[in-house]
Amino acid sequence: MIDSLPQPRTTDPASVPAFRWGVIGTGWIADRFVTTVTRNTSQRVVAVGSRSPERAREFAEGHGIEMACGSYEELVAQDVDVVYVATGHLDHASHARLALEAGRNVLVEKPMTPTVEATRELVELARDKDLFCMEAVWSLALPRFDVVRQVLAADLLGRIEAVTVDMGEYLVDHRRAMDPAQGGGAMNDLGIYPLMFADWVLPRVEVVAAAGPRHATGAVGQFMALLGDGEGRQASVFASMLTDTPSVAVIGGSEATLVLDGPFYRPGPVEVRFRDGRVLSWDEPRIHHEGLFHEAVEVARCIAAGLTESPLRPLEATIATVELMERARALMNDPA
Ligand SMILES: NC(=O)C1=CN([C@@H]2O[C@H](COP(=O)(O)OP(=O)(O)OC[C@H]3O[C@@H](n4cnc5c(N)ncnc54)[C@H](OP(=O)(O)O)[C@@H]3O)[C@@H](O)[C@H]2O)C=CC1
Ligand SMILES: O=C1CO[C@H](CO)[C@@H](O)[C@@H]1O
């Protein structure tokens with residue numbers, strides 16, 4: 001009988017080489033990513049690219065970045081080892097392609113692309129070029145997720161029977177995230193996380209049913225999906241841009257139940273509740289998006305090791321998640 005949860009095996013940022021990074025886009029996530037990477041690692045963000053030379057300059061000055069590029073083409077032509085694609089959902093494919101064609105490794109914001117076809121094309125290109133490519137599902141690089149990974153590998157929960165996971169954040173007033181013309185709606189911004197989680201825990205799971213009413217903007221404001229693996233295991237997924245929900249993830253097993261208190265996709269605690277009443281927990285500071293730096297360290301670790309994909313977010317897993325997204329969308333008549 002164990003008396004504590006496993007310690008996470010996350011990579012020490014100081015143990016990986018300092019690579020030269022370029023960033024495409026100067027928006028919300030680009031700002032957070034560069035801030036935390038600069039603060040917590042020795043990775044060097046040396047160039048930023050924007051559609052506007054002015055915005056590139058402002059971003060570069062604000063973050064102490066050497067090169068401000070007035071176009072994405074100019075950015076990928078710089079001497080960088082890896083490009084972080086931080087533009088909107090519908091632009092990931094073309095901007096990642098631009099970087100790969102220029103011979104750069106890529107870390108691409110989620111969803112890598114909103115469709116199975118475009119994701120497969122990008123994966124194929126990265127493989128043809130023998131370049132590193134990863135979808136920035138940063139949760140999977142967090143210490144918290146490594147604790148879960150080890151709990152699952154050690155079969156501490158018994159037979160997994162159910163996953164329930166929700167993710168609700170009030171984003172109704174967010175122009176990009178609710179604009180259907182920019183791929184806005186509950187799927188691309190939020191739903192990808194709970195679907196990824198269900199698929200990560202129960203890899204053969206399929207979407208059985210889904211419903212997602214449209215908000216006044218025309219985007220799907222929230223959706224529920226029911227998943228099953230054909231062997232009796234089920235997952236329920238809920239994502240909403242219309243209200244804040246606990247955003248808790250639960251893995252129910254025959255021997256114990258694991259709970260990731262919300263928001264499950266960010267840094268936070270892990271609790272395992274055994275059927276005999278014992279509870280084991282592991283905790284870390286709830287540092288919000290500050291935890292983004294872990295994915296940059298994972299990228300550096302992989303590139304240094306000569307890997308073209310990360311075992312934390314293999315490209316086939318990215319494809320599996322977008323397959324679930326596409327199936328759920330089809331059931332709710334929501335074009336990508
Ligand atoms: N990992 C995470 O926790 C998070 C991930 N994300 C993901 O990151 C991506 C970007 O989200 P976010 O940072 O919130 O978005 P923003 O709208 O804040 O930034 C997007 C950037 O894309 C660039 N861009 C290029 N073409 C266009 C266009 N036609 N219209 C508008 N912007 C354009 C702009 O940079 P410029 O003008 O300088 O060229 C802009 O700053 C999304 O795919 C989202 O899913 C978002 C939030 C959190
Ligand atoms: O990936 C994401 C996670 O956090 C953000 C806000 O809290 C979301 O909007 C976003 O798309």
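Here, every reference points to the structure presented above.
Residues numbered from 1 in each chain as written. Chains lettered and ligands numbered in written order. Predicted model: local features only at pLDDT ≥ 70, side-chain atom pairs only at ≥ 80, totals over all residues. Heavy atoms only, no water.

## What about the sheet that holds strand S6 (residues 133–135)?
Inclusion rule: Here, a strand pair is defined by DSSP locating no fewer than two bridges between the strands. In this description a helix means any DSSP run of H or I spanning at least four residues, a strand means any run of E spanning at least two, and both kinds are numbered starting from the N terminus. For helices, the fitted line uses only the C-alpha atoms of the stretch in contact; every axis is such a line through C-alpha atoms, and the angle between N-to-C directions lies from 0 to 180 degrees.
Pairing is parallel across the open sheet formed by 6 strands, whose spatial order is S3-S2-S1-S4-S5-S6. The open sheet has two free edges, formed respectively by strand S3 (67–69) and S6, since each of these has just one partner strand. When the angles between neighbouring strand axes are averaged without regard to direction, this sheet yields 20 degrees. Of the strand pairs in this sheet, strand S5 (residues 105–108) and S6 are connected by 3 bridges, and their pairing is parallel. In the sheet register, Val106 faces S6, and the bridge partner there is Cys133.

## Overview of the sheet that holds strand S8 (residues 206–211)
If you trace the 8 strands from one edge of the open sheet to the other, you get S8-S9-S10-S7-S11-S12-S13-S14, paired in mixed fashion. Each of the sheet's edge strands pairs with one partner strand only, and the pair in question is S8 and strand S14 (279–282). When the angles between neighbouring strand axes are averaged without regard to direction, this sheet yields 10 degrees. Where strand S12 (residues 256–260) lies against strand S13 (residues 270–274), 4 bridges are found, and the strand directions are antiparallel. Bridging from a neighbouring strand, Val259 pairs with Glu271 of S13.

## Some details on the pairing of strand S2 (residues 44–49)
Going by this rule: Classification of residues uses two cut-offs on accessible area relative to the type maximum, computed with a 1.4 Å probe and protein chains only: under 20% is buried, over 50% is exposed, and between them is partly exposed. With strands facing away from the observer, any crossover in which the path from the first strand over the helix to the second runs clockwise is taken as right-handed.
Buried residues dominate S2, accounting for 5 of its 6 residues. The sheet contact formed by strand S1 (residues 20–24) and S2 spans 5 bridges and is parallel. Each residue of the ladder has a partner; that of Arg20, found in S2, is Arg44. One crossover worth recording links S1 to the parallel S2 by way of helix H1 (residues 28–40), and it is right-handed. Where S2 lies against S3, 3 bridges are found, and the strand directions are parallel. Note on S3: the bridge partner recorded for Ala47 is Met67. In this fold, the crossover linking S2 to S3 by way of helix H2 (residues 53–63) has right-handed handedness.

## Re the site of ligand 2
Basically, it comes down to this: Near residues are defined by distance, with any heavy atom within 4 Å of the molecule or strand qualifying the residue. The definition of a polar contact used here is a pair of N or O atoms within 3.5 Å, where within protein one atom must be able to donate a hydrogen and the other to accept one, and adjacent residues in sequence count solely through side-chain atom pairs. The accessible surface values rely on the Shrake-Rupley method and a 1.4 Å probe; as for residues, cover is taken only from the protein chains in view. Following the grouping adopted for this structure description, the nonpolar residues are Ala, Val, Leu, Ile, Met, Phe, Trp, Tyr, Cys and Pro, the charged ones are Asp, Glu, Lys and Arg, and the polar ones are all others, Gly among them.
Taken together, the neighbourhood of ligand 2 is formed by Lys110, Glu169, Leu171, Asp189, Tyr193, Tyr265, Arg266 and His289. For ligand 2, an oxygen atom lies 2.6 Å from a polar atom in the side chain of Asp189. The separation between an oxygen atom of ligand 2 and a polar side-chain atom of Tyr265 is 3.2 Å. Relative to its unbound accessible area of 290 Å², ligand 2 is 85% covered by the protein chains. Across the shell around ligand 2, the residue classes break down as 3 nonpolar, 1 polar and 4 charged.

## Re the site of ligand 1
As a structural note, the neighbourhood of ligand 1 is formed by 21 residues, with Thr26, Ser50, Arg55, Tyr72 and Lys110 the closest of them. In the model, an oxygen atom of ligand 1 is placed 2.9 Å from a nitrogen or oxygen of the His289 side chain. When isolated, ligand 1 has an accessible area of 890 Å², and the protein chains bury 82% of it. Taken together, the residues of the shell around ligand 1 sort by class into 6 nonpolar, 9 polar and 6 charged.

## A few points about the pattern of salt bridges
Note the threshold: Salt bridge, as applied in this entry: a Lys or Arg side-chain nitrogen positioned within 4 Å of an Asp or Glu carboxyl oxygen.
The full count for this structure, using the stated rule, is 25 salt bridges. Across the pair Asp146 and Arg9 runs a salt bridge, and its minimum N-O distance is 2.8 Å. With a gap of 137 residues between them, Asp146 in helix H6 (residues 143–153) and Arg9 in the segment before S1 connect regions that are remote in the sequence. For Asp146, a relative accessible area of 6% puts it in the buried group. In this structure, the salt-bridge partner of Arg278 is Asp276, at a minimum N-O distance of 3.4 Å.

## Description of the packing of aromatic side chains
Note the cut-off: Here the aromatic set is Phe, Tyr and Trp, taking the six-membered ring for Trp, and pairing holds for ring centres within 6.5 Å; pairs whose planes are under 30 degrees apart are stacked, those over 60 apart are edge-to-face, and all others are tilted. Cation placement over rings: the criterion is NZ of Lys or CZ of Arg within 6 Å of the ring centroid and within 35° of the ring normal.
Tallied over the full model, the rule gives 9 aromatic pairs. Measuring from centroid to centroid gives 6.1 Å for Phe145 and Phe197, while their planes differ by 90 degrees, and the two rings are edge-to-face. Of this pair, Phe145 sits in helix H6 while Phe197 is found in helix H7 (residues 186–201), placing the two residues 52 residues apart along the sequence. Overall, the relative accessible area of 0% leaves Phe197 in the buried class. A centroid spacing of 6.2 Å and a plane angle of 75 degrees characterise the contact between Phe264 and Tyr265, whose relative ring orientation is edge-to-face. Of the two residues examined, Phe264 and Tyr265, each falls in the buried class. An aromatic cluster is present here, built from Trp138, Phe145, Tyr193, Phe197, Trp200, Phe264 and Tyr265 joined pairwise through their rings. Taking NZ or CZ as reference, Arg278 lies 4.4 Å from the ring centre of Phe274, over its face.

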